[in-house]
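Results of the structural survey
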Amino acid sequence: MRFLLACLCASLLMGCGSMPLPEGRSVSTALPEAETHGTALGRAIAPLAAAHPGRSGIFSLSDAREAFAARVLLARAAERTLDVQYYIWRPDTTGTLLLEALHDAANRGVRVRLLLDDNGTAGMDQLLAALDAHPLVEVRLFNPFRVRSPKWLGYLTDFSRANRRMHNKSFTADNQATIVGGRNVGDEYFGATEGVLFADLDVLAAGPVVPQISQDFDRYWESASAYPAAQVLPAVDAAQLQALRTRARSVESDPRAAAYVEAVRALPFVQDLVQGRLALHWAPTRMVSDDPAKGLGQARDGSLMLRQLTAILGQPARHVDLVSPYFVPTAAGVEAFEALRARGVQVRILTNALEATDVAAVHAGYARHRQRLLQAGVELYELRRQAASGEAKMKTGPFGSSGSSLHAKTFAVDGQHVFVGSFNFDPRSIHLNTELGFVIDSPALAQRVDDAFDGPVPAQSYTVGLDARGALVWTEQVDGQAVRHTTEPGASIWKRAGVVVLSWLPIEWLL
């Protein structure tokens with residue numbers, strides 16, 4: 001009997017294994033810029049772009065509510081197309097409102113293409129299927145799971161594919177303006193919850209870098225990992241779209257969300273872009289992204305983002321400031337940092353403290369390399385867990401206005417170049433997940449990162465160092481006084497022990 005059950009389970013698992021290649025997909029591409037110059041966004045941006053040839057207009061979105069408002073604005077301002085690509089989209093307050101904004105745009109005649117990584121769509125099958133039923137909306141899922149519930153079965157039956165995710169984030173309207181950065185779609189990314197909040201960073205961009213994003217979206221949209229929702233999700237009645245609208249109206253009227261929605265409406269940012277008053281910073285900007293074939297493990301090494309970044313930035317000569325919430329340098333990365341220090345390059349790194357991280361295994365992958373980095377002269381800062389609300393909101397300069405955990409991914413090189421995007425300095429971003437970002441040639445933006453490390457970062461972080469015996473110590477500033485810790489501060493003995501155990505496991509390549 002047990003043998004028969006085992007055979008039955010094995011056959012069921014084999015039957016829900018790897019996905020067949022997507023077939024019968026519609027063909028669509030981003031509209032040429034010339035076809036969208038007459039839109040409201042096109043009319044607002046064209047004279048500004050003409051005055052700054054060869055440069056893209058950049059506006060940093062470190063404020064969580066402003067980042068949400070920017071996306072709503074683009075959805076409402078769009079007249080021809082919306083191309084939207086995300087790793088996580090939650091069906092919570094902000095996720096519901098943004099989904100309804102896409103629905104409203106489609107009802108106005110805007111073509112909407114929504115590409116989501118299927119690992120980040122929990123609880124959304126019916127909503128996405130309903131949205132996909134709209135004649136002007138098409139939803140595709142990247143590396144989808146054949147078994148919808150529980151999805152984790154896909155890791156057992158098709159691990160090599162399911163372990164590769166699309167981590168890219170972009171929101172592009174009319175091929176005229178785009179938002180790229182670290183934020184997913186969910187209340188914790190937009191400051192709309194009393195729970196854990198992520199301090200994050202996006203940039204809104206206009207000008208010549210936007211068509212690059214549109215072309216890259218087309219690459220992913222047509223990739224072998226992008227499956228039409230109708231081939232993956234169970235069919236639903238088109239009336240479910242009305243349920244989405246009803247849900248959005250209910251969210252807007254909920255007293256818990258009303259103050260947030262009203263605050264977003266009141267932001268001056270919402271009208272400034274369309275009316276040409278938004279103070280954009282114009283600088284040469286290049287898009288960098290992984291080949292979507294990485295989602296199937298078929299990308300060439302030269303097409304990976306890390307290789308592109310190395311080719312663009314070359315060898316740092318003076319200093320590197322790196323911000324990465326999930327920082328797992330690996331032995332090879334430590335050697336690279338050691339080589340930089342040997343050449344006299346200053347290296348400063350900000351990541352999450354154990355008390356602030358939301359992934360303890362990643363912290364374990366970082367912790368095992370701390371002493372060697374410090375011995376090489378790398379400066380390490382670990383962001384303390386901040387209050388999620390109230391007066392003690394995090395102030396870390398350009399890396400987010402408030403939050404209890406760092407999520408921004410950025411770095412500055414030699415006071416000249418700044419990267420903003422989805423890329424974490426960890427093996428997963430390097431080898432497994434696809435990533436997207438901008439390299440911006442701007443001394444002014446690089447100076448903002450440098451200034452943050454000179455002020456807000458040390459004030460809001462533990463400065464990690466070594467004592468006379470070579471043991472780790474953490475120093476924080478409390479009411480103007482330096483307080484030293486000899487164990488991971490703010491974490492229980494059980495959490496610290498768990499990190500030690502995790503650091504022994506051969507899982508670094510997965511982190």
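Heads up: the structure comes first, above all this text.
Here's what I pulled together on the structure shown here. (Residues numbered from 1 in each chain as written. Predicted model: local features only at pLDDT ≥ 70, side-chain atom pairs only at ≥ 80, totals over all residues. Heavy atoms only, no water.)

Considerations on empty space enclosed by the protein
- If you walk through the whole model with that rule in mind, you get four cavities of 30 Å³ or more.
- Residue lining of the second largest cavity: Leu-322, Val-323, Ser-324, Lys-409, Thr-410, Phe-411, Phe-419, Phe-423 and Phe-425, and that is the complete set.
- Elements supplying a minimum of two residues to the lining of the second largest cavity: strand 12 (319-323) and strand 16 (410-413).
- Taken together, the residues of the lining of the second largest cavity sort by class into six nonpolar, two polar and one charged. (1 Å grid on protein atoms, 1.4 Å probe; cavity = no way out; pocket = protein on both sides within 12 Å on 5 of 7 lines; lining within 4 Å. Points joined across faces, edges and corners; volume = space filled by probe spheres on them. Helix = DSSP H or I, 4+ residues; strand = E, 2+ residues; numbered from the N terminus. Nonpolar A, V, L, I, M, F, W, Y, C, P; charged D, E, K, R; others polar.)

Side note on the layout of surface pockets
- The computed volume of the largest pocket comes to approximately 630 Å³.
- Breaking the lining of the largest pocket down by element, the ones donating at least two residues are helix 12 (305-313), strand 12, helix 13 (330-342), strand 16 and helix 16 (427-432).
- Per-element accounting of the lining of the largest pocket gives the leading share, seven residues, to helix 13.
- Of the residues contributing to the lining of the largest pocket, the split by class is 19 nonpolar, six polar and no charged.

Some details on the packing of aromatic side chains
- Throughout the structure, instances matching the rule amount to 13 aromatic pairs.
- Each member of the aromatic cluster is reached from another via a ring pair, and the members are Phe-327, Phe-337, Tyr-366 and Phe-425. (Phe/Tyr/Trp six-rings, centres within 6.5 Å; stacked < 30°, edge-to-face > 60°.)

A closer look at the nonpolar core
- Formed by 65 residues in total, the largest nonpolar core has its most connected members in Leu-82, Trp-89, Leu-114, Phe-171 and Leu-204.
- Counting residues per element, this core draws most heavily on helix 3 (residues 64-77), at nine residues.
- Those residues within four positions of Leu-114 in sequence are excluded, and the remaining contacts are Val-84, Trp-89, Leu-99, Leu-102, Leu-128, Leu-131, Glu-138, Val-139, Arg-140 and Trp-221.
- Core analysis: the next-biggest nonpolar cluster, separate from the first, contains 29 residues, Phe-337, Leu-373, Val-378 and Leu-472 among them. (Core = buried A, V, L, I, M, F, W, Y, C linked by side-chain atoms within 4.5 Å. Buried < 20%, exposed > 50% of the residue type's maximum accessible area, 1.4 Å probe, protein only. Contact = heavy atoms within 4.5 Å.)

Description of the pattern of salt bridges
- Summed over all chains, the structure comprises 30 salt bridges.
- The shortest N-O distance in the salt bridge between Glu-488 and Arg-370 comes to 2.6 Å. Highlighted residues: Glu-488 in the loop between strand 21 (481-485) and helix 19 (493-504) and Arg-370 in helix 15 (residues 370-376), separated in sequence by 118 residues.
- Accessibility expressed as a relative area gives 4% for Arg-370, which makes it buried. (Salt bridge = Lys/Arg side-chain N within 4 Å of Asp/Glu carboxyl O.)

Concerning the sheet that holds strand 11 (residues 285-289)
- Reading across the sheet, the ten strands line up as 11-18-17-16-12-13-14-19-20-21 and stay open at both edges, with mixed pairing between neighbours. What marks the edges here is a single partner per strand, and that holds for strand 11 and strand 21. If you compare each strand with its neighbour and ignore which way they point, the axes differ by 20° on average.
- Summarising the sheet, strand 12 and strand 16 pair through four bridges and their orientation is antiparallel. Bridging across to strand 16, Val-323 finds its partner in Thr-410. (Pairing = 2+ DSSP bridges. Axes fitted to C-alpha atoms, helices over the stretch in contact; angles between N-to-C directions.)

Considering the side chain of Thr-36
- Within the secondary structure layout, Thr-36 lies in the loop between helix 1 (2-15) and helix 2 (40-50).
- A polar contact of 2.8 Å, which involves the side chain of Thr-36, links it to the backbone oxygen of Asp-174.
- Those residues within four positions of Thr-36 in sequence are excluded, and the remaining contacts are Leu-31, Gly-42, Arg-80, Asp-174, Asn-175 and Gln-176. (Polar contact = N/O pair within 3.5 Å; in protein donor to acceptor, adjacent residues only side chain to side chain.)

Quick notes on the environment of Thr-285
- Tracing the sequence through the fold places Thr-285 in strand 11.
- Given a relative accessible area of 8%, Thr-285 falls into the buried group.
- For the pair formed by Thr-285 and Phe-438, sequence separation is 153 residues and the distance between their alpha carbons is 6.5 Å.
- Contact partners of Thr-285, with chain neighbours within four places excluded, come to Ser-56, Ile-58, Val-209, Gln-212, Phe-438, Val-439 and Ile-440.
- A polar contact is formed between the side chain of Thr-285 and the backbone oxygen of Ala-283, at a distance of 3.0 Å.

Here we look at the packing of helix 4 (residues 93-107) against helix 9 (residues 240-253)
- Orientation of helix 4 relative to helix 9, taken along the N-to-C sense of each, is 130°, at an axis distance of 9 Å. Considered as vectors, helix 4 and helix 9 are oriented oblique to each other. Remark: the crossing between helix 4 and helix 9 carries left-handed chirality. Two secondary-structure elements touch here, helix 4 through Thr-93, Thr-96, Leu-97, Leu-99, Glu-100, His-103, Asp-104 and Asn-107 and helix 9 through Leu-241, Leu-244, Arg-245, Arg-247, Ala-248, Arg-249, Val-251 and Glu-252. (Parallel < 35°, antiparallel > 145°, perpendicular 65-115°, else oblique. Left-handed = near helix turned anticlockwise from the far one by under 90°.)

Structural notes on the pairing of strand 2 (residues 81-86)
- Of all the six residues making up strand 2, six are buried; the element is thus mostly covered by neighbouring parts of the structure.
- What you see with strand 2 is no split at all: Thr-81, Asp-83 and Gln-85 on one side and Leu-82, Val-84 and Tyr-86 on the other are buried throughout.
- For the crossover from strand 2 across helix 4 to strand 3 (residues 111-117), the handedness is right-handed.
- Two elements, strand 2 and strand 5 (residues 170-173), share four bridges in a ladder whose sense is antiparallel. Looking across to strand 5, one finds that Val-84 is bridged to Phe-171. (Right-handed = clockwise from strand over helix to strand, strands pointing away.)

Points about the sheet that holds strand 5
- Taken together, the nine strands give an open sheet; going across it, the order is 9-4-3-2-5-6-8-1-10, and neighbouring strands pair in mixed fashion. The sheet terminates laterally at strand 9 (226-228) and strand 10 (281-283), the two strands that pair on one side only. Averaged over all neighbouring strand pairs, the angle between strand axes comes to 20°, with direction disregarded.
- With three bridges joining them, strand 1 (residues 56-61) and strand 10 adopt antiparallel strand pairing. Considered in strand 10, the bridge of Gly-57 is made with Trp-282.
- The sheet strands contacting helix 8 (residues 209-221) are strand 1, strand 2, strand 3, strand 4 (137-142), strand 5, strand 6 (177-181), strand 8 (202-206) and strand 9, and the helix crosses strand 3 at an angle near 65°.

Topic: the pairing of strand 5
- Taking every second residue as pointing to the same face, both faces of strand 5 are buried, with Ser-170 and Thr-172 on one and Phe-171 and Ala-173 on the other.
- Summarising the sheet, strand 5 and strand 6 pair through four bridges and their orientation is antiparallel. Residue pairing across strands places Thr-172 opposite Thr-178, the latter belonging to strand 6.
- Taking the residues between adjacent antiparallel strands as the criterion, strand 5 and strand 6 are bridged by three residues, where Asp-174 takes a positive phi near 55°.

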